[in-house]
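# Survey of secondary and tertiary structure
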Amino acid sequence: MASTSTLLMKTIFLVLIFVSFAISPATSTAPDDCASESANPCVNKAKALPLKIIAIAAILVASMIGVGAPLFSRSVPFLQPDGNIFTIVKCFASGIILGTGFMHVLPDSFDMLSSKCLGENPWHKFPFSGFLAMLACLVTLVIDSMATTLYTSKNVVGIVPHGHGHGHGPENDVALPIKEDDSANAQLLRYRVIAMVLELGIIVHSVVIGLSLGATSDTCTIKGLIAALCFHQMFEGMGLGGCILQAEYTNMKKFVMAFFFAVTTPSGIALGIALSTVYRENSPSALITVGLLNACSAGLLIYMALVDLLAAEFMGPKLQGSIKMQAKCFLAALLGCGGMSIIAKWA
């Protein structure tokens with residue numbers, strides 16, 4: 001079932017964390033200054049704490065607005081899920097997610113796993129970031145496919161006789177899928193799988209982002225990140241919120257999924273603050289752990305944005321029936337990617 005696939009993904013990420021901590025002492029011959037604060041005039045713990053608290057509040061509000069807006073769009077006539085404006089906004093948000101994977105998460109992973117603070121062997125001799133991102137894409141594909149199959153297999157009714165023999169054994173019985181609204185049911189199942197897998201990928205990289213912000217005492221970095229992350233979380237939340245809306249979950253499930261998205265980055269910041277006395281973002285353990293998680297998260301986000309969001313939208317009957325809508329949605333996606341590319345300068 002889909003819960004099993006979600007558990008599998010979480011297990012993979014936890015294994016990566018433990019493995020990275022286990023191998024980092026043995027494979028890292030870092031310079032002495034890598035485990036200490038850099039001589040940066042912007043580093044000021046006393047001034048950084050109020051900024052982090054502001055970041056928690058601002059990002060929480062932005063995340064709630066972003067993920068909540070699509071969920072309340074049914075009450076706004078021109079923002080109905082089957083309307084053109086909703087489709088265009090969803091493509092823009094998908095561009096945000098794609099830009100996040102390519103322009104933020106994956107480059108961060110390359111920077112971390114190629115840091116001078118890590119040993120030459122093996123970190124500088126093999127492109128772990130690209131390899132893990134590629135692997136994450138393939139694993140996401142398998143989980144996406146298996147979860148859809150498991151969901152679909154639950155939608156069968158009864159056993160009907162089949163075959164020309166006179167036997168009554170199980171070999172003569174075949175489970176037939178529901179015939180009524182078959183295509184609508186299949187699409188709904190796809191939306192539900194997409195919503196769950198996408199939320200998992202977003203939550204993983206949101207925790208990493210929050211942890212890094214909460215642990216740093218660089219006030220210059222924090223000031224730039226607050227605005228960038230508010231924009232990022234708001235529009236990424238719109239993409240996720242649109243998927244949750246189309247999945248047609250119960251109100252309680254919608255609330256739970258929206259809640260976890262909204263509080264993940266602020267919780268990561270709070271955890272970073274709590275660990276700021278022992279966590280050093282340029283220590284080998286931190287670089288390896290966060291670098292591996294970023295690579296996996298990037299692969300998942302890139303796959304979801306391209307395959308399950310943009311490709312599914314552009315190859316669907318709505319856009320295939322209108323070149324004009326295709327052009328609008330392409331420009332929206334391009335704008336989303338471009339926005340995240342610009343933000344990459346500060347984030």
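Residues numbered from 1 in each chain as written. Predicted model: local features only at pLDDT ≥ 70, side-chain atom pairs only at ≥ 80, totals over all residues. Heavy atoms only, no water.

## As for the packing of aromatic side chains
Heads up, the condition is: Aromatic pairing here means that ring centres of Phe, Tyr or Trp (its six-membered ring) are within 6.5 Å. Orientation follows from the plane angle: under 30 degrees is stacked, over 60 is edge-to-face, and everything else is tilted. For the exposure calls, accessible area comes from a 1.4 Å probe over protein chains only, and a residue counts as buried if that area is under 20% of its type's maximum, exposed if over 50%, partly exposed in between.
Inspection of the entire model under this criterion finds seven aromatic pairs. For the ring pair Trp-123 and Phe-128, a centre distance of 4.8 Å and an interplane angle of 50 degrees mean the geometry is tilted. Under the relative-accessibility criterion, Phe-128 is labelled partly exposed at 22%. Taking the centre distance of 5.1 Å and the plane angle of 70 degrees together, the rings of Phe-126 and Phe-128 count as edge-to-face.

## Section: helix 6 (residues 219-247)
Selection rule: The helix count covers DSSP runs of H or I at least four residues long, the strand count covers runs of E at least two residues long, and both are numbered beginning at the N terminus. Take the residue count of a helix, subtract one, and multiply by 1.5 Å to get its expected span. One axis is fitted to the seven residues ending at the residue and one to the seven starting there. The bend at that residue is the angle between these axes. What qualifies as a polar contact is a pair of N or O atoms within 3.5 Å, subject to a donor-acceptor requirement within protein and to the restriction that residues adjacent in sequence count only when both atoms come from side chains.
Between its first and last C-alpha atoms helix 6 spans 41 Å; for 29 residues at 1.5 Å apiece the expected length is 42 Å, and the two agree. Maximal helix bending in helix 6 amounts to about 30 degrees, located at Leu-225. Burial analysis of helix 6 places 22 of its 29 residues in the buried class, the great majority of the element. At the N-terminal end of helix 6, a side-chain oxygen is found 3.0 Å from the backbone nitrogen of Cys-220, two or three residues along, and the residue is Asp-218. In the segment just after helix 6, Glu-248 is the residue with positive phi, at about 55 degrees.

## Focus on the confidence of the model for the chain
So the rule is basically this: Confidence scores here are pLDDT values: one per residue, from the predictor, ranging 0 to 100. Note on definitions: a residue-residue contact is assigned when non-hydrogen atoms from the two residues lie within 4.5 Å.
For the chain, per-residue confidence averages 80 on the pLDDT scale, and residues scoring 70 or more make up 79% of the total. pLDDT under 50 marks residues 14-29. Its contacts with residues more than four places away, or in other chains, come to 24 contacts. Throughout residues 159-165 the model reports pLDDT below 50, and contacts reaching past four residues in sequence, or to other chains, amount to 11 contacts.

## Looking at the UniProt feature "transmembrane region" (unreviewed entry) in the chain
Threshold: UniProt positions are given in the numbering used here, feature names are shortened, and annotations may be inferred rather than shown by experiment.
Taken from the UniProt record, the annotation "transmembrane region" (unreviewed entry) applies to residues 53-73, 85-106, 126-143, 193-213, 257-279, 285-306 and 327-346. For residues 126-143, helix accounts for 89% and strand for 0%, while the C-alpha atoms at its two ends are 27 Å apart.

## A word on the side chain of Ser-217
Examined against the element boundaries, Ser-217 turns out to sit in the loop between helix 5 (182-215) and helix 6. Using a relative accessible area of 4% as the deciding quantity, one classes Ser-217 as buried.

## Describing the side chain of Ser-94
Among the secondary structure elements, Ser-94 is positioned in helix 3 (residues 84-113). Here Lys-90 takes part through its backbone oxygen, which lies 2.8 Å from a polar atom of the side chain of Ser-94. Once you skip the residues sitting within four places of it in the chain, Ser-94 turns out to touch Ala-305, Leu-309 and Leu-310.

## Observations regarding the nonpolar core
We apply this condition: What we call a nonpolar core is a set of buried Ala, Val, Leu, Ile, Met, Phe, Trp, Tyr and Cys residues that are connected through their side-chain atoms within 4.5 Å.
Counting residues in each nonpolar core, the largest one holds 52 residues, and the members touching the most others are Leu-198, Ile-244, Tyr-249 and Met-304. Going through the elements one at a time, helix 2 (45-71), helix 3, helix 4 (128-153), helix 5, helix 6, helix 7 (251-274), helix 8 (284-314) and helix 10 (323-343) are the ones with two or more residues in this core. Apart from residues lying up to four places away in sequence, Tyr-249 is in contact with Arg-192, Ala-195, Met-196, Ile-244, Lys-254 and Met-257. Of all hydrophobic cores here, the second largest spans 19 residues; its members include Leu-132, Ala-136, Leu-211 and Ala-286.

## What to know about the pattern of salt bridges
Stated formally: In what follows, salt bridge is the name for a side-chain nitrogen of Lys or Arg lying within 4 Å of a carboxyl oxygen of Asp or Glu.
A complete count under the given rule lists three salt bridges for this structure. Here Asp-144 makes a salt bridge to Arg-190, at a shortest N to O gap of 3.0 Å. Of this pair, Asp-144 sits in helix 4 while Arg-190 sits in helix 5, and the two are 46 residues apart along the sequence. What makes Arg-190 partly exposed here is its relative accessible area of 22%. Between Asp-308 and Arg-190 there is a salt bridge; the shortest N-O distance is 2.7 Å. Residue Asp-308 is located in helix 8, and its partner Arg-190 is located in helix 5; the two are separated by 118 residues in the primary sequence. The exposure class assigned to Asp-308 is buried, which follows from its relative accessible area of 5%. One connected set of salt bridges, linked through shared partners, spans Asp-144, Arg-190 and Asp-308.

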